[in-house]
Amino acid sequence: MKPVLLILFYVAIVLLPLMLAATSGRPPRSLWNELASGAGLLAFSIILVEFVLSGRFRFVSKRIGMDVTMRFHQLLARTALALAVVHPFLYRGLFGYQRPWDVTRQLTLTTDIGALTTGLLAWVLLAAFVLLSIARDQLPYKYETWRLMHGLGALLIAAFALQHTLHAGRYSQDPVLAGLWIVLFGVAAASLFYVYFVRPLLQRKRTWHVTSVKPLALKTWELTLEPDNHSGLDFEAGQFAWLNVGHNSFSLHENPFSISSAPAAGNHLQFMIKELGDFTRGVGQIKPGTKAYIDGPHGNLTVSGSDQPGLALIAGGVGIAPLLGILRQLHLEKDSRPTTLVYGNRVEEQISYRDELETLAKEHGTQIVHVLSEPPDGWAGPTGMVDPDLIKETFGAPEMRSWLYVVCGPPAMMESVENALIDIGVRPNLILSERFDYD
Ligand SMILES: Cc1cc2nc3c(=O)[nH]c(=O)nc-3n(C[C@H](O)[C@H](O)[C@H](O)COP(=O)(O)OP(=O)(O)OC[C@H]3O[C@@H](n4cnc5c(N)ncnc54)[C@H](O)[C@@H]3O)c2cc1C
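Residues numbered from 1 in each chain as written. Predicted model: local features only at pLDDT ≥ 70, side-chain atom pairs only at ≥ 80, totals over all residues. Heavy atoms only, no water.

Student: Explanation requested: the packing of aromatic side chains in the structure shown.
Tutor: What characterises a pair of aromatic rings is the spacing of the ring centres plus the angle enclosed by the ring planes. Across all of its chains, the model carries 10 aromatic pairs by this definition. Both rings, one in phenylalanine 197 and one in phenylalanine 250, keep their centres 6.4 Å apart while their planes meet at 50°; by these two values the pair is tilted. Here the residue phenylalanine 197 occupies a position in helix 7 (residues 175-203), and phenylalanine 250 occupies one in the loop between strand 5 (240-245) and strand 6 (255-258), the gap between them amounting to 53 residues. Using a relative accessible area of 46% as the deciding quantity, one classes phenylalanine 197 as partly exposed. On the basis of relative accessibility, which here comes to 33%, the residue phenylalanine 250 falls in the partly exposed class. (Phe/Tyr/Trp six-rings, centres within 6.5 Å; stacked < 30°, edge-to-face > 60°. Helix = DSSP H or I, 4+ residues; strand = E, 2+ residues; numbered from the N terminus. Buried < 20%, exposed > 50% of the residue type's maximum accessible area, 1.4 Å probe, protein only.)

Student: Please clarify how the site of the ligand should be interpreted in this entry.
Tutor: Around the ligand sit 25 residues, and of these Glu254, Pro256, Met272, Lys274 and Thr280 come closest. Separating a nitrogen atom of the ligand from a side-chain N or O atom of tryptophan 242 is a distance of 3.3 Å. Between serine 258 and the ligand, the recorded distance is 3.1 Å, taken from a backbone N or O atom to a nitrogen atom. Looking at the shell around the ligand, the elements with two or more residues in it are strand 5, strand 6, strand 7 (269-274) and helix 8 (278-281). (Near = heavy atom within 4 Å. Polar contact = N/O pair within 3.5 Å; in protein donor to acceptor, adjacent residues only side chain to side chain.)

Student: Could you clarify how one ought to interpret the sheet that holds strand 10 (residues 339-345) in this entry?
Tutor: In sheet architecture, strand pairing relies on hydrogen bonds along the backbone and comes in two forms, parallel and antiparallel. Taken together, the five strands give an open sheet; going across it, the order is 11-10-9-12-13, and neighbouring strands pair in parallel fashion. Edge strands, defined here as strands with exactly one partner in the open sheet, are strand 11 (367-372) and strand 13 (431-434). If you compare each strand with its neighbour and ignore which way they point, the axes differ by 15° on average. Along the sheet, helix 12 (residues 411-423) contacts strand 9 (311-316), strand 12 (404-408) and strand 13; its crossing angle with strand 12, the most-contacted strand, is approximately 160°. (Pairing = 2+ DSSP bridges. Axes fitted to C-alpha atoms, helices over the stretch in contact; angles between N-to-C directions. Contact = heavy atoms within 4.5 Å.)

Student: When you look at the packing of helix 11 (residues 388-395) against helix 12 in this model, what are you seeing that I'm missing?
Tutor: For any two helices packed against each other, one specifies the crossing angle of their axes together with the interaxial distance. The geometry of helix 11 relative to helix 12 is characterised by a closest axis approach of 9 Å and an angle of 45° between their N-to-C directions. By the criterion of interaxial angle, the relationship of helix 11 to helix 12 is oblique. For helix 11 against helix 12, the interelement crossing comes out right-handed. Counted together, Pro388, Ile391 and Lys392 of helix 11 and Ser416, Val417, Ala420, Leu421 and Asp423 of helix 12 form the full contact between these two elements. (Parallel < 35°, antiparallel > 145°, perpendicular 65-115°, else oblique. Left-handed = near helix turned anticlockwise from the far one by under 90°.)

Student: Even after reading the chapter, I still don't get the environment of serine 172, so can you show me in this structure?
Tutor: Its location among the elements puts serine 172 in the loop between helix 6 (143-168) and helix 7. Residue class for serine 172 comes out buried when judged on its relative accessible area of 3%. For serine 172 and leucine 162, which are 10 residues apart along the polypeptide, the C-alpha to C-alpha distance reads 10.0 Å. With sequence-adjacent residues up to four places away left out, serine 172 is seen in contact with Leu41, Thr165, Leu166, Leu177, Ala178 and Trp181.

Student: Please explain a nonpolar patch on the surface as it appears in this structure.
Tutor: A surface patch of nonpolar side chains, about 500 Å² in accessible area, is lined by Ile7, Val11, Leu15, Leu16, Met19, Val68 and Phe72. Of all elements in the fold, only helix 1 (3-22) and helix 4 (66-90) reach the threshold of two or more residues within the nonpolar patch. When residues in the nonpolar patch are grouped by element, the largest group, five residues, is from helix 1. One can find valine 11 in helix 1. (Patch = residues over 30% accessible without salt bridge, like charges linked within 9 Å, V, L, I, M, F, W, Y side chains within 5 Å. Areas by Shrake-Rupley, 256 points an atom, 1.4 Å probe, with all protein chains shown as cover. Salt bridge = Lys/Arg side-chain N within 4 Å of Asp/Glu carboxyl O.)

Student: Quick question: what am I supposed to make of the domain arrangement of the protein chain here?
Tutor: In many analyses, interface size is given as the accessible surface area lost on bringing the parts together. Assigned domains of the protein chain: these are domain 1 (3-203), domain 2 (208-298) and domain 3 (311-434). Taking the mean C-alpha position of each, domain 2 and domain 3 sit 24 Å from one another. Counting each side, the surface lost to burial between domain 2 and domain 3 is near 1,500 Å², with a carbon and sulfur contribution of 66%. For the domain 2 face of the interface with domain 3, the top three residues by lost area are Leu218, Ser260 and Met272, together amounting to 34%. Here domain 2 is connected to domain 3 by zero salt bridges. Seen at the junction of domain 2 and domain 3, the total is six residue pairs in polar contact (both at pLDDT 80 or more). (Domains from an automatic or database assignment. Buried area = accessible area lost by both parts, 1.4 Å probe.)

Shown next as structure tokens:
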């Protein structure tokens, strides 16, 4: 399914409850009451589909990229919150028991205490939940603890909202809409169950083990895995996987890393890991033979199938990892198109795979541009950041406008590079990128 069809499918699912309500044949109420119900219905359907969006399902992430999927997830959660917040305040009318003459509940708004309590709980929890997610970095929780709370909290909110919708909602008295809510809730709960139980169970059948851990550059490690009696991972150069090393497959200790090896190089997987927090700082201590689990491949940072006349790879720091996988693959496939790699680092000691890059320059003809923001004395290459001037200087030739550009690095660098590329006339659909941070 093409990304645009996936987006249309999403819109159709989210709007389905509203459409069912609009065509239910119930006599209309005041505009405010219709808006209130509409806001509630829309907020709830967005919340339920969020479970699938954040479930790392490849049919989504492969098409629109994991970072874009997660950005959608965050923006839609905020949209659902805004709709849920206004939902109770828009109602106008009589509160109380249902009057005998008001069989279609045109006039009366429910005061069923059970349904209102669950609505209030869902409302308060959702607000707290979205605000705590926005402030996640400031919370004193480990990522894994936060992730577990996020999953369970979302399920609790959805359960409260379901009870409220089925008992207080006017349109949800309709059996078709009530049935749809139950199905959507079932799908949401099933995707959580799949992420936490089924996927780890499947991973136990395809275990991996660490074959080597080597220092690569300043605070950067190379980790290599081999499959245990299976054929390995069917991936495309540039994709990434969630890696769980040394823990049970059901553990929440897993982190996303780009695969820096090329699929054509064999069934081993290589990762470049930069020290940052709990897991990455301990990578150097991992012993060969340690069991590992892989959830992947994910992401759409791949050039396979591309037919542009040249390829430009622009990396900042450890953002070189997926680009190295791509470059290695192009070399093994003997791809004859010109390639240029711009690789920015702060200091020289951070440059990874320098010798291999030189070999790729000689054997594959790749033009390699090392950029340092804190160069040593005598450094002959460009200095400073990978900024618009450097991009214009390196890729300003008119024939390079039709190349394919792949960008990965710190968010600020990516944004400035993407803008600079657009400024020199590169079409946005020729720029591929992957963010290592979803916030
Ligand atoms: C698509 C993608 C590809 C990446 N590729 C690489 C790579 O090739 N090399 C590299 O060094 N780094 C890569 N990263 C970043 C890497 O995932 C984090 O540096 C690492 O997870 C930090 O874990 P930690 O336990 O050391 O630190 P922590 O302090 O636990 O986490 C630091 C931050 O890393 C992120 N993070 C941690 N765990 C997860 C998780 N399970 N899922 C999503 N985000 C998480 C969160 O933003 C968190 O705040 C990539 C990230 C993404 C999203």
